[in-house]
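Working through the structure, step by step
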Amino acid sequence: MTKALIVIDIQNDFCPGGALAVAGGDEIVPSVNALMAEFPAVILTQDWHPAGHSSFASSHEGATAFSTTEMPYGTQVLWPDHCVQGSEGAAFHPALDTDRADLIIRKGMNPAIDSYSAFFENDHQTPTGLEGYLRTRGLTDLTLVGLATDFCVNFSAVDAARLGFAVTVRQDMCRGIDMEGSLTAALAGMREAGVTVA
Ligand code: VGL
Ligand code: ZN
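Described in the following lines is the structure provided in the data block.

Right, let's get into the sheet that holds strand β1 (residues 3–8). In space, the 6 strands of this open sheet follow the order β5-β2-β1-β6-β7-β8, with parallel pairing throughout. Each edge of the open sheet is held by one strand with a lone partner, namely β5 (103–107) and β8 (196–197). Sheet strands in contact with helix α3 (residues 149–162) are β1, β5, β6 (141–147) and β7 (166–175), and its direction is about 165 degrees off that of β6.

Right under this line is the structure:
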């Protein structure tokens with residue numbers, strides 16, 4: 001019992017029709033559901049922002065979505081309002097089999113810090129608690145799928161590899177945002193960190 005499947009942010013806002021839609025985001029749902037059967041542990045993550053979150057362009061006077069700003073913890077992309085706590089957009093895609101989840105981990109609740117990774121907020125220091133959960137259950141081999149390849153999947157996979165977990169990203173069950181080459185950079189960065197991109 002060492003393998004875990006981590007399903008990143010398969011939420012309405014990241015699927016076609018959502019506020020921060022990833023092309024083909026909904027296409028992966030049936031295969032992700034099927035893959036759950038192969039894992040003794042399944043963990044879902046959920047992007048879960050308070051209204052007025054600092055990663056929203058609408059929280060910055062005159063800023064447009066997909067521009068960047070400097071935050072105390074580094075450069076931050078400013079997003080359209082998305083995954084607001086309790087909203088329909090923040091809910092999991094209705095076809096995702098959430099019944100199989102051992103754990104649902106929410107992230108991005110701190111209004112001042114974005115959190116792409118399932119392990120740490122974007123300051124790379126504040127933990128979500130996922131590492132402790134995995135270690136106490138002896139889950140050492142992680143497979144990651146979900147949205148978006150170049151942001152939350154990427155940051156989660158790189159953090160997991162740095163923490164010493166064996167990490168595989170199933171590219172066929174991920175979809176990316178791909179802003180200015182971010183997908184190519186993410187794939188290279190994950191491989192460099194020791195992630196198996198399958
Ligand atoms: C994500 C941008 C903002 C993601 C979350 O799930 O990849 N991207 N918040
Ligand atoms: Zn977000």
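There's plenty left to go through after this.
The next point concerns the packing of α3 against helix α4 (residues 182–192). Where α3 meets α4, the axes come as close as 10 Å, and the angle between the chain directions of the two elements is 10 degrees. Taken as axis vectors, α3 and α4 run roughly parallel relative to one another. Listed contacts from α4 to Thr-149, Asp-150, Phe-151, Asn-154, Ala-157 and Val-158 of α3 are Ser-182, Leu-183, Ala-186, Leu-187, Gly-189 and Met-190. Across the contact of α3 with α4, the residue classes tally to 7 nonpolar, 4 polar and 1 charged.

A separate point is α4. Buried within α4 are the following residues: Ser-182, Ala-186, Leu-187 and Met-190. The arc that holds the buried residues of α4, viewed along the axis, is 135 degrees, so those residues lie on one side. Opposite its buried face, α4 presents the exposed residues Thr-184, Ala-185 and Glu-192, each directed more than 90 degrees away. On its buried face, α4 is in contact with α3, β7 and β8. Backbone geometry just after α4 places Gly-194 at a positive phi near 95 degrees.

Before going further, it helps to spend a moment on the packing of aromatic side chains. All told, the structure shown has 6 aromatic pairs when counted by the stated rule. Measuring from ring centre to ring centre gives 5.4 Å for Tyr-116 and Phe-151, while their planes differ by 70 degrees; the resulting arrangement is edge-to-face. One end of the pair, Tyr-116, is in the loop between β5 and α2 (130–136); the other, Phe-151, is in helix α3, and 35 residues separate them in sequence. Comparing Tyr-116 with Phe-151, the two get one shared label, buried. On the numbers, 6.0 Å between centres and 35 degrees between planes, the contact of Phe-119 with Phe-165 is tilted. Note that Phe-119 is positioned in the loop between β5 and α2 and Phe-165 in the loop between α3 and β7, a separation of 46 residues in sequence. Here Phe-119 matches Phe-165 in class, with each residue buried.

Quick notes on the rules
Residues numbered from 1 in each chain as written. Chains lettered and ligands numbered in written order. Predicted model: local features only at pLDDT ≥ 70, side-chain atom pairs only at ≥ 80, totals over all residues. Heavy atoms only, no water. Pairing = 2+ DSSP bridges. Helix = DSSP H or I, 4+ residues; strand = E, 2+ residues; numbered from the N terminus. Contact = heavy atoms within 4.5 Å. Axes fitted to C-alpha atoms, helices over the stretch in contact; angles between N-to-C directions. Parallel < 35°, antiparallel > 145°, perpendicular 65-115°, else oblique. Nonpolar A, V, L, I, M, F, W, Y, C, P; charged D, E, K, R; others polar. Buried < 20%, exposed > 50% of the residue type's maximum accessible area, 1.4 Å probe, protein only. Arc of directions from axis to C-beta. Phe/Tyr/Trp six-rings, centres within 6.5 Å; stacked < 30°, edge-to-face > 60°.

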